[in-house]
Amino acid sequence: MPAEPTAPPFQHDHVLDACFLGPYGENDALLERILVEFLRDHVYWRRNFHPEDPPAIGTAASLHPDYQAFEARMRRELHQLSAALKRSMPFHSPRYIGHMASDLLLPGLAAQMLALPYNPNNVTDEAAPVTVDLEVKVGLQLARMLGYPSDPARVDCAFGHLTSGGTLANYQALRLALALKAFPLALRTAGAPGLDLPDDDWAAFNLGNAATIDLLGRWQAWLAAQPPRERAQWHARVEAQRIEQLGIAGFFAAHPQLRLPRVLAPITAHYSWSKGVKMLGLGRAQLDLLPTHGMRLDADALAEHVQRCARERIPVLLAVAVLGSTEYGTIDPVDGVLAAREATRAQGLDFAVHVDAAWGGYLATIFRHEDGSLREREAIAAEFKYFPSPPLYRAFAALADTDSVTVDPHKLGYLPFGSGAFVCRDHRAMDLLAERADYIFHGEAPRDYLQRFRSLGQFIPEGSKSGAAAAGVYVAHQVLPLDHRNFGRMPRSTVRCTELFYERAQRFAAQVAGYLHARVPFEPDSNLVCLAFNPRGNRSLAQANAFLWRLYERLRPDVHQPLQVKEFFGSVTTLRPELVGAGPAHEILTSLGIDADADADSDGGALVVLRHTLMNPWLIDRENGISYIDRYFDFLMRCTAALLDRNPPA
Ligand SMILES: *Cc1c(COP(=O)(O)O)cnc(C)c1O
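Let me sum up the structure you'll find in this document. Computed from a predicted structure; not experimentally measured.

So, the site of the ligand
1) Next: Near the ligand you find 15 residues, and of these Thr167, Asp356, Asp408, His410 and Lys411 are the closest.
2) Next: Between the ligand and Thr167 there is a distance of 2.6 Å, counted from an oxygen atom to a side-chain nitrogen or oxygen.
3) Next: In this structure, an oxygen atom belonging to the ligand sits 2.9 Å away from a side-chain N or O atom of Thr326.
4) Next: Here the ligand, which alone exposes 380 Å², has 87% of that area covered by the protein.
5) Next: Counting residues per element, the shell around the ligand draws most heavily on helix 5 (residues 166-190), which supplies 3 residues.
6) Next: For the shell around the ligand, the residue count by class is 3 nonpolar, 9 polar and 3 charged.

Next up, the structure:
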């Protein structure tokens, strides 16, 4: 029997005390001082622009009745807004364990508030001379966290930018993969000289990212060496054959022997992938959702699927591994996806590998040394009881070999909403997304890495966008660099809390065993844990779900009740047999005493479970000796007993 793993004692990390406004607003004076200081600083900046210009708003302006009426109206509306916002979700509180939100990092919040009145627009450096560079640097900070090349002096340095969220970052991954896949074919069709191109459309469409980036570089160098007229002509000829010019319909009509490419993702993937394929001009029929094993992408099923694609000559655009699924927090075998690609390359099928780490991306900080290198698994494991299992470690170690990654600073980055991020491993690929090929007009591509991306709007799905948000992310990452000694403190603390939650759940199950089946349906990979229940004696799935919905009444947001009525906020999700796998789904139901075959038709065999996102830094409050995890399970004990007309067990 393997020895019971041991865990280091839970210790409060005092650096965290300065990181947030705090559940009680403990750091109010700190935030207020910063805000007042930098608001004044902004005002002086205005005055010092041309101090000789006198104030345009007269010193007596505020005495005018129109001014006063306006101010009164503004105040009335602000009071109403402020009052209404009191019904907001209390993300700051350790009693909030529902969706993927928590308190905000002070450096990020303060930097964003400080930058707001300057109103930089990161569409271009002309509207954001400072914050565009900060955004590109955020891309480098994230690249380093993922193990991508992050030294801008390297020709193959990574590139990343912010998006409104993970949804658009995922879409950017699709756009870039398609651009890379289709480009060699455009060169071939245009008859671009001197490039040694693949001899058929299938081979050109399966050239692979690295070879395509190399090809793009050789093509740009060839163009740059031509006299301006030839250069423009050749450029136009190739452009005319690109998928970005012809559209998907026109491009595939021009290459009738090629079938539409597929996007592969686990069935647990976020619905942004469905949105993404549609935005790209593909349809859901091109999105192949693959089975999971223990809620993690089944790498063998993926390997078989791509082998079949290779045999049947169905192109694959992109395979997605999810690093922290939105509903379950499970982590796909990124290494297995890379291995499946390696195996089909020999059969002539190549595709991009993207990691949707919108949720789990920042967990990578636990795995990084300050110098950016990967930590040993044993050193990490010494800080936890179960984390990270060898497959989990391999998934994080493999990030460096993928093509692109989505990370959401507004999730485990503890930053305000409105910031997702897309990072690709080799910045040179981005030229294919540019709306305008600058090297054509300037003769050669800009050599300086930062300068290259200053017209950010050329490359991103959005146009105008918040430079203040970029400043917030940048400053947060500067104050807490993305390695285990700095930023890693936060995921370390919350993953430890998840381990404690997991063990407490087992004690809870024993405590309530007299009247309730309770279990964690599958082991948590990150800081998301689910709980499944069934009243003892009940065999019906529909009844078990009805019980859970009644329990959830006590945990769900309700606009008709004051917030304080709720002791805790949670969320729910469903375990569908097609997600969990038929065998494991059966096992989960049976262990809960539910007759899996009796009413499998009801709810499609889906079990409703509680879902908990554990990311609040004060789930274990050492200052006051309070464990909100214990309190939560006490609360569950009271609720479940009351729902079943029982006295809670002593
Ligand atoms: C949250 C999430 C997304 C979508 O991100 P938004 O920021 O909500 O647009 C995509 N994928 C995963 C895995 C997520 O958790």
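Further notes follow.
Quick word on the sheet that holds strand 3 (residues 287-290)
1) Next: As summarised here, the arrangement of the 7 strands in space is 1-9-8-7-6-2-3, forming an open sheet in which the pairing is mixed. Each end of this open sheet is capped by a strand with a single partner; those strands are strand 1 (159-163) and strand 3. Geometrically, the sheet is characterised by an average inter-axis angle of 20° between neighbouring strands, direction not taken into account.
2) Next: Inspection of the sheet shows strand 2 (residues 262-266) paired to strand 3 by 4 bridges, in the parallel sense. Counted as the bridge partner of Pro266 is Leu290 from strand 3.

Brief notes about the packing of aromatic side chains
1) Next: Counted under the stated rule, the structure contains 30 aromatic pairs.
2) Next: Geometrically, the ring pair formed by Phe367 and Phe396 is stacked, given 4.3 Å between the ring centres and 10° between the ring planes. Of this pair, Phe367 sits in the loop between strand 7 (352-357) and helix 13 (377-381) while Phe396 sits in helix 14 (residues 390-397), and the two are 29 residues apart along the sequence.
3) Next: For Phe396, a relative accessible area of 1% translates into the label buried.
4) Next: Considering the side-chain rings of Tyr386 and Tyr502, the 5.7 Å spacing of their centres and the 85° angle between planes classify their relative orientation as edge-to-face.

Here's the deal with the packing of helix 5 against helix 7 (residues 209-224)
1) Next: Packing of helix 5 against helix 7 leaves a shortest axis separation of 9 Å and a crossing angle of 45°. On the basis of their axis angle, the class for helix 5 and helix 7 is oblique. Here the hand of the crossing between helix 5 and helix 7 comes out left-handed. The segment helix 5 lies against helix 7, with Leu180, Phe183, Pro184 and Leu187 engaging Asn209, Thr212, Ile213, Leu215, Leu216 and Trp219.
2) Next: Residues belonging to the contact of helix 5 with helix 7 are distributed by class as follows: 8 nonpolar, 2 polar and no charged.

Rules and cut-offs
Residues numbered from 1 in each chain as written. Predicted model: local features only at pLDDT ≥ 70, side-chain atom pairs only at ≥ 80, totals over all residues. Heavy atoms only, no water. Near = heavy atom within 4 Å. Polar contact = N/O pair within 3.5 Å; in protein donor to acceptor, adjacent residues only side chain to side chain. Areas by Shrake-Rupley, 256 points an atom, 1.4 Å probe, with all protein chains shown as cover. Helix = DSSP H or I, 4+ residues; strand = E, 2+ residues; numbered from the N terminus. Nonpolar A, V, L, I, M, F, W, Y, C, P; charged D, E, K, R; others polar. Pairing = 2+ DSSP bridges. Axes fitted to C-alpha atoms, helices over the stretch in contact; angles between N-to-C directions. Phe/Tyr/Trp six-rings, centres within 6.5 Å; stacked < 30°, edge-to-face > 60°. Buried < 20%, exposed > 50% of the residue type's maximum accessible area, 1.4 Å probe, protein only. Parallel < 35°, antiparallel > 145°, perpendicular 65-115°, else oblique. Left-handed = near helix turned anticlockwise from the far one by under 90°. Contact = heavy atoms within 4.5 Å.

Geometry only, nothing functional implied.
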